[in-house]
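Here are the chains, one letter per residue:
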Amino acid sequence: MKNIDKSTLYFIGGSVLIFLIVQILVSVGILSTFWYTILRIGAVMAIVSLGLNLIYGFNGQFSLGQWGFYALGAYSAGDVTYRWTQLQSSGGLTILLLGVIMAGIAILLIRRLVNKLRGLDALSAFGLYLIGVILLAYLAVVVGGALENPVNSILKALPPEVSKQIVFVVAVLLGGLFAAEISFLFGLPVLTLGSDYFGIATLGFTVIVKVLLDNSDTMLGFAEMKGARGMIGIPKMTTWFWVFFFLVLVVIVTRNILHSSYGRAIVSVREDEIAAKAMGIDVANFKTITFVIGSFFAGLAGGLYAHINGFLHPDTFNFIKSFDPMIIVVFGGLGSVTGTVAASFAWALVLEGFLRLVLPEGFETWRFVVYPLLLLIMMLLKPNGLFGNYEMPFLRQVLPPLRKKTQSNENATDEEVLA
Amino acid sequence: MSNQTISTSQNDFILQVSGLSKLFGGLKAVNNFDLTLKSHSLTGLIGPNGAGKTTVFNMITGIYAPTAGEIIFQGQNIVGLEPHEINQMGIARTFQNIRLFPNLTVLDNVRIAYHPHAGYSMADAILHNRHFLEKEKALTEQAQEFLAVFGLEDRQGEIAKNLPYGEQRRLEIARALAAEPQLLLLDEPAAGMNPAETVELMDLIHFIRERFNLTILLIEHQMRVVMGICETITVMDFGEVIARGTPREIQSDPRVIEAYLGPGASALSEKFRRKKTQ
Amino acid sequence: MRSSIVAPRLSLTQKIVQTKIIGKALIALVALAVLYLLAVNAIKNPTVFLQQLVNGLQLGFVYALIALGYTMVYGIVRLINFAHGDVFMVGAFISFYAISRFQLHDWVAKLSPGMSPFVARAIGSITVILLSMTLCALLAFVIERVAYKPLRDAPRISALITAIGVSFFLEYFGALKFVFSPNFTPYKRPFDVVTWTLGRQGFGKLVEGEGVPEGNIIFSNIFVIIVLTSIFLLLLLQYIVTKTRVGKAMRATAYDKPTARLMGINIDSIISITFGIGAAWAGAAGMLYATAFPQVFFWMGIIPGLKAFVAAVLGGIGSIPGAFVGALIMGQAETLSAGYISTPMRDAIAFSILIIVLLIRPTGIFGEPSREKA
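Residues numbered from 1 in each chain as written. Chains lettered and ligands numbered in written order. Predicted model: local features only at pLDDT ≥ 70, side-chain atom pairs only at ≥ 80, totals over all residues. Heavy atoms only, no water.

Trainee: Would you mind showing me how to read the overall build of chain B here?
Mentor: In terms of regular secondary structure, chain B is built from 11 helices and 10 strands. Rg of the C-alpha trace for chain B: 20 Å, near the compact-globule value of 19 Å for 278 residues, within the 12% margin. Principal-axis analysis of the C-alpha atoms places the extent of chain B at approximately 75 × 45 × 35 Å. Residue pairs in contact within chain B that sit at least 24 positions apart in sequence constitute 67% of those at least 6 positions apart. (Helix = DSSP H or I, 4+ residues; strand = E, 2+ residues; numbered from the N terminus. Rg over C-alpha atoms; globule rule 2.2 N^0.38 Å. Contact = heavy atoms within 4.5 Å.)

What follows is the structure in structure tokens.
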């Protein structure tokens, strides 16, 4: 930690500065609730889109399922905090926590088994995982229910505001982990499909999730989600601090992955799958890892989104909206983290903000007439996105300095080769 | 079946392929192909277009699953293993139509091949801890050293697709070798090269064989390369082996001439040769 | 162990791996559950079951017409043309205006009142459908020129994004008050509905106001028209693609654009024609769909478009017979799942079928298996 380079300092300093400016503007009251919400939505979109950029921009997997995982995160995290604040029960928390842990254990255990069964096809592996996860998740529901009262008493011993914040943060993280585990199960067989077919299957995932949410009260048995009428009563806890904190965290994690050997392996899959395989990269494994990480970000963002308005509706997770993160990623520039973040905020500010304000009364519906036109013009003018490959210094890969040419004998052999 | 070690492990044979066949639908791309490679040998695989040479490569490297047959690498049957596992066991290859990671830098192309030896976990990478930084630095230096061997050191920041053709070929070989293989498969390394570049390539192949103690199997159409550097040659036609031997033996083999020039050609060439020697 | 007697060289685990038995069992389980459900219901009430099949067929034929457009465009430019469903919507609205505003379906009757009303109506309706097809084709030409052609050399995703943009534009522009209005509008059919009954007693005409006789299935002239029109247009398309010069050029372009260009084929016009034909067929589908479900709405293209797209992928995108078979499956899946499983779940079921089929055949039923080249 002694030799932090300049770009890191700038990044951290800049982040703190942006956070403070917005926070002060909001606290003083210069920034209205309207714009405050839009900024938070922008940050949430940035997290979802960063996940998608990892999957599509860096790993090359054309996924339209991001929105489905976003929905899963939103509803699961929202349900946990709803139960805590409205029903004074930590049941949602304990069951989801145990479920996520148990399913994780099941996945890890079965992964060892599958690795032992060399060459097991993806569908069979999926079957094994499914059985394991369902069994352990059932166990988790039973045990989690039993744990409810002890956890209740622990949380109630804390000051209410503290326990509320704890439940919130844990719920958001659990939303992400839940989405990640589902994405692992779903991705296992589906990631074997070719590019466009994978896209369509993941689009299907989004549609299926939306339909399930439409029937969440009748078919899934979550009465508080109220199906197609929309879930209300989720505490509004996503402050600018929390979204910004998670956004910065996600940016740093993304950057650290990308700037490592794992990141290079992820990108090599996008560049040329066969060459990657021939170079010792376990392509199937990296597709899964990337898909899971990307979906984790989506779930995380979903959890944050649920606590902005305190209201969730299945129509928000409509498959048509599922193109939004894709549009943002392409807009910002595929494979550019900077571009994705910038495009997310631009998207929220323009579409949700300016277009609502600029259009005169009676012309609100024109918003979605102007939006696609903007989309068209932008695509025609900048088909590679606003930022192309540009990254801000902190996110840029730095080339290592050339080796000092000391080993003269090695240079001699170089010349031999070239001669 | 997969992890069976062969009892008669002949240490001097690094690769033994027997009865290898591949069917594509009804088409027999490769039929009953046999090949044994001695350690540290340099063998050529030649044959007319569509003879099944690249299919053999694809089966050895695990990209295609053979319909039948065994591939024993260092005493272990590698049929059914994934390509990345085969690579990690010590077989690396290049491709007929160069397959670099086109939008990545030269350095990253090589560093990707080092991934199996990275030595840190994903958690280390995310935490950006000291272990990660040390290993990453070591890995990068190793990759740079490697580039230096191939004279690509100054090109490390260049995007791979922007390199001139000859350097792309060289980078592809460098990348294959970065995986630290014992056996290197080269698929038409001289394709598209001019005579000067070809000579350079032949020197390079000799050089890497000595320096990295490699066994090399190469597919090549340029007879100058094949005859010039290979110790033994295997000739394929219509998916089958039609001849085997030293370059000299192959050159005069009538079946080979027939395969390349069509039936009757061997008699013609015999006549031609007699005329020449007279 | 018995398994070791049968195949002494394979251990049990190796057998599990090689036969892929777990995955197959999983799929078999799902298939059996579905078959069981269908069989039980078919036996319990065969008439209702047959009626569902008939309804599914009607829907399937409409989907087929839309699916052809998706599959052709994908085959030739590898673009998922998300705006196609909205072209279908526009087609429905064109026929709506032609009938309600301009009484185009009546023009023969007005010009020569002596003609038999049946023939006059038939010609009138065909005029409307032709108008729908032509205008949709023109719309597709314009869309292709403005939104897709400039991006032909850009990354594939750019064109996809503009396709989504065009789709949004058509929907929300259509939703404006002075265009199609944001409301559901009742659709006036160009002809009257005649319903027939079919059962053990034979074939009969359903008298209005009377109930359907026990054990009979009903179908209307709309069903007959949809089936006949769809089959006709499908065969026509098959003829165009396989027998005509344009069709040959299309196939050549789909196979290899640079080479096709070298052979003197004007790629741009062939691509335009492909878009046009696909859109024309969607326009026809739009009118037929509106006739069957007499309501028009600016969002009406989304779900049928999505279903038809799923159908095209299910059948193997790029394949014309595939699109047709996929659409028939989708039609049946929709009515059967609405009838026997759950109406709100039918979209989810459609996609579940798609995902399961893709897991078994990764390029769809008629799709050519992709072979990786190394």
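Trainee: I'm lost on the overall build of chain A in this one. Help?
Mentor: Per the secondary structure count, chain A includes 15 helices and 2 strands. For 419 residues, the compact-globule formula gives about 22 Å, and the C-alpha radius of gyration of chain A, at 23 Å, lands near that figure. Projected onto its principal axes, the C-alpha positions of chain A cover 80 × 60 × 45 Å. Taken across its 419 residues, chain A has 60% of its residues classed as buried. Of all intrachain contacts in chain A linking residues separated by at least 6 positions in sequence, the fraction that spans at least 24 positions is 81%. Of the roughly 16,800 Å² of accessible surface on chain A, 70% is carried by carbon and sulfur atoms. Measuring between centres, the 27 positive side-chain charges of chain A sit 5 Å from its 24 negative side-chain charges. (Buried < 20%, exposed > 50% of the residue type's maximum accessible area, 1.4 Å probe, protein only. Areas by Shrake-Rupley, 256 points an atom, 1.4 Å probe, with all protein chains shown as cover. Lys, Arg positive; Asp, Glu negative; His and termini not counted. Charge placed at Lys NZ, Arg CZ, Asp CG, Glu CD.)

Trainee: Even after reading the chapter, I still don't get the packing of aromatic side chains, so can you show me in this structure?
Mentor: By convention here, two paired aromatic rings are described through the distance between centres and the angle between planes. Counted under the stated rule, the structure contains 63 aromatic pairs over all chains. An angle of 85 degrees between the planes, with centres 6.4 Å apart, marks the rings of Tyr114 of chain B and Phe146 of chain B as edge-to-face. Taken together, the positions of Tyr114 of chain B in the loop between α3 (106-113) and α4 (122-127) and Phe146 of chain B in helix α5 (residues 130-149) put the pair 32 residues apart, joining distant regions of the chain. Classification of Tyr114 of chain B as buried rests on a relative accessible area of 3%. Residue Phe146 of chain B is classed as buried on the basis of its relative accessible area of 10%. With a centroid separation of 6.3 Å and 85 degrees between ring planes, the pair formed by Phe168 of chain C and Tyr172 of chain C is classed as edge-to-face. Separated by 4 residues within a single helix, Phe168 of chain C and Tyr172 of chain C lie in helix α8 (residues 156-174), roughly one turn from each other. In this structure, Phe168 of chain C and Tyr172 of chain C share a single accessibility class: buried. One aromatic cluster is present, built from ring pairs that chain together Phe19, Phe168, Trp240, Phe241, Trp242, Phe244, Phe245 and Phe246 of chain A. Positioned above the aromatic ring of Tyr36 of chain A is the side chain of Arg40 of chain A, whose terminal nitrogen or guanidinium carbon lies 4.0 Å from the ring centre. (Phe/Tyr/Trp six-rings, centres within 6.5 Å; stacked < 30°, edge-to-face > 60°. Lys NZ or Arg CZ within 6 Å of the ring centre and 35° of its normal.)

Trainee: I tried to follow the pairing of strand β1 (residues 13-24) of chain B on my own but got confused; where do I start?
Mentor: Note on strand geometry: in a regular strand, side chains alternate between the two faces of the sheet. Residue and element names in this part refer to chain B. Relative to strand β2 (residues 27-38), β1 runs antiparallel, the two being bridged by 8 bridges. The partner of Leu23 across the bridge, within β2, is Lys28. Where β1 folds back onto β2 in an antiparallel hairpin, the turn is made up of 2 residues, including Gly25, whose phi is positive at roughly 60 degrees. Taken together, the 5 bridges between β1 and strand β4 (residues 68-73) define a ladder with antiparallel strand orientation. If you follow Gln16 over to β4, its bridge partner there is Ile72. (Pairing = 2+ DSSP bridges.)

Trainee: I would appreciate a short explanation of helix α12 (residues 267-292) of chain C in the present structure.
Mentor: The periodicity of an α-helix, 3.6 residues per turn, causes residues three or four positions apart to be oriented the same way. An ideal rise of 1.5 Å per residue puts 38 Å on 26 residues; α12 of chain C measures up with 37 Å between its terminal C-alpha atoms. Of all 26 residues that make up α12 of chain C, 23 are buried, and the element is covered over most of its length. (Expected span 1.5 Å × (residues − 1).)

Trainee: Even after reading the chapter, I still don't get the domain arrangement of chain B, so can you show me in this structure?
Mentor: Residue and element names in this part refer to chain B. Each assigned domain of chain B is listed with its residue range as follows: domain 1 (1-90 + 181-278) and domain 2 (100-174). Opposite the 16 residues of domain 1 that make contact, domain 2 presents 9 residues. Counting the surface lost from both domain 1 and domain 2, the interface buries some 950 Å², and carbon and sulfur atoms represent 73% of this. Of all residues in domain 1, Met193, Leu204 and Phe212 bury the most surface against domain 2, accounting for 33% of the area lost on that side. The interface formed by domain 1 and domain 2 includes 1 salt bridge. (Domains from an automatic or database assignment. Buried area = accessible area lost by both parts, 1.4 Å probe. Salt bridge = Lys/Arg side-chain N within 4 Å of Asp/Glu carboxyl O.)

Trainee: What exactly am I supposed to notice about the packing of helix α4 (residues 46-77) of chain C against helix α14 (residues 320-340) of chain C here?
Mentor: Angle between the axes and distance between the axes: these two values describe a pair of packed helices. Residues and elements named next belong to chain C. It is at 6 Å that the axes of α4 and α14 come closest, and there the two elements cross at 140 degrees. Of the possible angle classes, the one that applies to α4 and α14 is oblique. Viewed along their axes, α4 and α14 form a crossing whose handedness is right-handed. Partitioned by chemical class, the residues of the contact of α4 with α14 number 18 nonpolar, 9 polar and 1 charged. (Axes fitted to C-alpha atoms, helices over the stretch in contact; angles between N-to-C directions. Parallel < 35°, antiparallel > 145°, perpendicular 65-115°, else oblique. Left-handed = near helix turned anticlockwise from the far one by under 90°. Nonpolar A, V, L, I, M, F, W, Y, C, P; charged D, E, K, R; others polar.)

Trainee: Explanation requested: the confidence of the model for chain B in the structure shown.
Mentor: Low-pLDDT portions of the prediction should not be read for the details of their coordinates. Scored by pLDDT, chain B comes out at a mean of 86, with 90% of its residues at no less than 70. Interface confidence for the predicted complex, given as ipTM, is 0.88, next to a pTM of 0.91. (pLDDT = per-residue confidence, 0-100.)

Trainee: What is the right way to look at the sheet that holds strand β5 (residues 76-77) of chain B in this model?
Mentor: The strands that make up a sheet pair up through hydrogen bonds in the backbone, lying either parallel or antiparallel. All names here are of chain B. Taking strand neighbours across the sheet as the criterion, the 4 strands line up as β2-β1-β4-β5 in an open arrangement whose pairing is antiparallel. With one partner strand each, in any of the chains shown, β2 and β5 form the two edges of the open sheet. Across the sheet, helix α1 (residues 53-60) touches β1, β2 and β4, and the angle it forms with β1 is around 115 degrees.

Trainee: Is there a simple way to think about the packing of helix α3 (residues 66-87) of chain A against helix α11 (residues 283-309) of chain A in this case?
Mentor: Residue and element names in this part refer to chain A. Two elements in contact, α3 and α11, have axes separated by 6 Å at closest approach and are oriented at 45 degrees. When the axes of α3 and α11 are compared, the pair comes out oblique. Between α3 and α11 the crossing geometry is right-handed. On the side of α3, the interface is formed by Gln66, Phe69, Tyr70, Gly73, Ala74, Ala77, Gly78 and Thr81, while α11 contributes Phe291, Gly294, Ser295, Ala298, Gly299, Ala301, Gly302, Gly303, Tyr305, Ala306 and His307. Within the contact of α3 with α11, the residues separate by chemical class into 9 nonpolar, 10 polar and no charged.

Trainee: Would you take a moment to explain the nonpolar core for this structure?
Mentor: Grouped burial of nonpolar side chains is what soluble globular proteins tend to show. Residues Phe317 of chain A, Phe150 and Ile208 of chain B together with Trp281 of chain C are the most contacted members of the largest nonpolar core, which totals 318 residues. Per element, the largest residue contribution to this core is 17 residues, and it comes from helix α2 (residues 33-58) of chain A. If near-sequence neighbours (up to four positions away) are discounted, Ile208 of chain B is found in contact with Phe150, Ile173, Leu177, Leu184, Asn213, Leu214 and Ile216 of chain B. Among the nonpolar cores identified, the runner-up in size contains 20 residues, and Ile110, Val114, Leu123 and Ala180 of chain A belong to it. (Core = buried A, V, L, I, M, F, W, Y, C linked by side-chain atoms within 4.5 Å.)

Trainee: Would you take a moment to explain the sheet that holds strand β9 (residues 232-237) of chain B for this structure?
Mentor: Residue and element names in this part refer to chain B. The strand order β6-β7-β8-β3-β9-β10 describes an open sheet built from 6 strands, whose pairing is mixed. In this open sheet, the two strands that pair with only one neighbour each are β6 (91-93) and β10 (240-245). Here the strands of the sheet are splayed against their neighbours by 20 degrees on average, with no regard to which way each runs. In the sheet, strand β3 (residues 42-46) pairs with β9 via 4 bridges, with the strands oriented parallel. Residue pairing in the sheet places Thr43 in a bridge with Thr232 of β9. Relative to strand β8 (residues 215-219), helix α7 (residues 195-212) is tilted by about 155 degrees, and along the sheet it contacts β3, β7 (183-187) and β8. Together, β3, β9 and β10 form the strand contacts of helix α10 (residues 254-261), whose direction differs from that of β10 by roughly 130 degrees.

Trainee: Sorry if this is basic, but what is going on with the confidence of the model for chain A here?
Mentor: Mean pLDDT over chain A: 88, with 94% of residues reaching 70 or higher. Note on residues 406-419 of chain A: pLDDT is under 50 here. Beyond four places in sequence and across chains, it has 17 contacts.

Trainee: Please clarify how the interface of chain A and chain B should be interpreted in this entry.
Mentor: Frequently, the measure chosen for interface size is the accessible area removed from exposure when the parts meet. With 41 residues of chain A at the interface, the matching set in chain B holds 53 residues. Both faces considered, chain A and chain B share a buried interface measuring about 4,300 Å² in area, 59% of it formed by carbon and sulfur atoms. Linking chain A with chain B are 2 salt bridges. With a shortest N-O distance of 2.7 Å, Asp272 of chain A and Arg99 of chain B are connected by a salt bridge.

Trainee: What's the story with unusual backbone geometry in this structure? I'm lost.
Mentor: For residues other than glycine, phi is negative in most cases, and the peptide bonds are mostly trans. With a phi angle near 50 degrees, Phe238 of chain B is a residue other than glycine that sits in the positive phi range. Backbone geometry at Lys20 of chain C places phi at a positive 55 degrees, although glycine is not the residue there. Counting through the fold element by element, Lys20 of chain C comes out in the loop between α2 (12-19) and α3 (21-44).

Trainee: Is there a simple way to explain the pattern of salt bridges in this structure?
Mentor: Side chains that differ in charge, positive against negative, can pair when their charged atoms come close. All told, the structure shown has 30 salt bridges over all chains when counted by the stated rule. The partner of Asp217 of chain A in a salt bridge is Arg229 of chain A, and the shortest N-O contact between them spans 3.1 Å. Pair noted here: Asp217 of chain A is in the loop between α7 (195-214) and β1 (231-232) and Arg229 of chain A is in the loop between α7 and β1, with a separation of 12 residues, a long-range link. Because the salt bridges share partners, they merge into one network encompassing Glu144, Arg145, Lys149, Arg152 and Asp268 of chain C.

Trainee: Looking at this structure, how should I read the environment of Asn49 of chain B?
Mentor: Residue and element names in this part refer to chain B. Residue placement: Asn49 occurs in the loop between β3 and α1. Accessibility expressed as a relative area gives 68% for Asn49, which makes it exposed. Along the chain, Asn49 and Leu20 lie 29 residues apart, while their C-alpha atoms are 19 Å from each other. A polar contact is formed between the side chain of Asn49 and the side chain of His221, at a distance of 3.1 Å. (Polar contact = N/O pair within 3.5 Å; in protein donor to acceptor, adjacent residues only side chain to side chain.)

Trainee: Explain the environment of Thr54 of chain B to me, please; I cannot follow it from the model alone.
Mentor: Note on placement: Thr54 of chain B falls in helix α1. For the pair Thr54 of chain B and Val241 of chain B, spaced 187 residues apart in the sequence, the C-alpha separation amounts to 14 Å.

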